[in-house]
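Chain and residue survey
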Amino acid sequence: MSLPWQVSVILGAVVFVGFKWVLPSIWATNLVLSSMATGLSSMAWLPGGLLLLIGAFAFVGQRMKRSKVLATNNRVSQSEWRPPAWASKETGKRGPLSEPRPDSDIRIEPSTNAKAKPTEWSLELIREIEWKRFEDLCQKFYEAKGIRCETTPLGPDGGIDIRIYQDESGNATSIVQCKAWGARYVGVQPVRELLGVMTHEKIEKAFFMTSGRFSDDAKDVAEGNQITLIDGQMLLMMLKRLPSAGQNELLTFATEGDYTTPTCPGCGNKMRSVSGKAGRPNFWGCPDYPKCRQRLGMRRAG
């Protein structure tokens, strides 16, 4: 049942043909085996039909599992960092977004960060860090390990957040994609997009780092394509394996100032919470509106 359904179908066909025609033909000259082959021929439908039935059950089960995973990925992709329902979709994490509605229809509220500053690394802290600080934290982690690397500047990043250089060629030897999605799952689609970037850039190895978790389909794609998946729990373990001085240095960097309010993908300013009227969902808007019209959806809990 765990094998692809096609295996059972093919095996069922092979068994039926073998019992029905092949064995009677091979054993025709042997009196003992000939009678046995005749019996098997008359019963060929039984093992063949059983294998076909198993294949049918496997097909239904695998389709249901795939539908469930796709539905989960779809819910995740639509609930993380999305603009309001009345806005058009983003063209990219750092690309231009749809314009906010007129000032008369929204209310801008300054963000607050009144929580006490953390004194040690935890999974909760990693999941609270906003997207730009999370990218910079990942880059500084590699630096702390003695690896030369750099983050991509603000603006369209082409699916690359960090480039890693581990030889003297001057070309990146691997790339990193970062997703600060709280505790939510990264589905298979972002991993496939990273694979496409690897192919385009002619880079054989990549890392995908997230504060959340990865779906099973995402793990399957990464496993066979030289993509190392680092979820929030693994990142926490990696940080805690650093020497105490390195841990404290990264902790100070990660929690300096307001580390939970997202950075504007266009101009780098801290964004503000914007409340739409008539029950429209809140979102993050750039304080330099209308000069900068970037916006991000609110990160949902869960």
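Scroll up a little and you will see the structure.
Residues numbered from 1 in each chain as written. Predicted model: local features only at pLDDT ≥ 70, side-chain atom pairs only at ≥ 80, totals over all residues. Heavy atoms only, no water.

**Let's talk about the state of the cysteines**
- Tallied over the full model, the rule gives 0 disulfides.
- For Cys-149, which is in no disulfide, the shortest distance to another cysteine sulfur is to Cys-138 and amounts to 9.9 Å.
- Not engaged in a disulfide, the cysteine Cys-286 finds its nearest cysteine sulfur in Cys-267; these two sulfurs lie 3.5 Å apart.
- Residue classification places Cys-286 among the buried positions, given a relative accessible area of 3%. (Disulfide = S-S within 2.5 Å. Buried < 20%, exposed > 50% of the residue type's maximum accessible area, 1.4 Å probe, protein only.)

**Here's the deal with the nonpolar core**
- Counting 35 residues, the largest nonpolar core has Trp-121, Ile-129, Phe-134, Tyr-142, Val-176 and Leu-239 as the members making the most contacts within it.
- With 18 residues, the next largest nonpolar core counts Ile-175, Leu-194, Phe-214 and Leu-229 among its residues. (Core = buried A, V, L, I, M, F, W, Y, C linked by side-chain atoms within 4.5 Å.)

**Some points on the packing of helix 6 (residues 188-201) against helix 7 (residues 216-223)**
- Packing of helix 6 against helix 7 brings their axes to within 8 Å, and their N-to-C directions diverge by 20°. When the interaxial angle is binned, helix 6 and helix 7 end up roughly parallel. Where helix 6 crosses over helix 7, the two elements pack in a sense that is right-handed. Of the residues in helix 7, those in contact with Val-188, Val-191 and Arg-192 of helix 6 are Asp-217, Ala-218, Val-221 and Ala-222.
- Tallied by class, the residues present in the contact of helix 6 with helix 7 amount to 5 nonpolar, no polar and 2 charged. (Axes fitted to C-alpha atoms, helices over the stretch in contact; angles between N-to-C directions. Helix = DSSP H or I, 4+ residues; strand = E, 2+ residues; numbered from the N terminus. Parallel < 35°, antiparallel > 145°, perpendicular 65-115°, else oblique. Left-handed = near helix turned anticlockwise from the far one by under 90°. Contact = heavy atoms within 4.5 Å. Nonpolar A, V, L, I, M, F, W, Y, C, P; charged D, E, K, R; others polar.)

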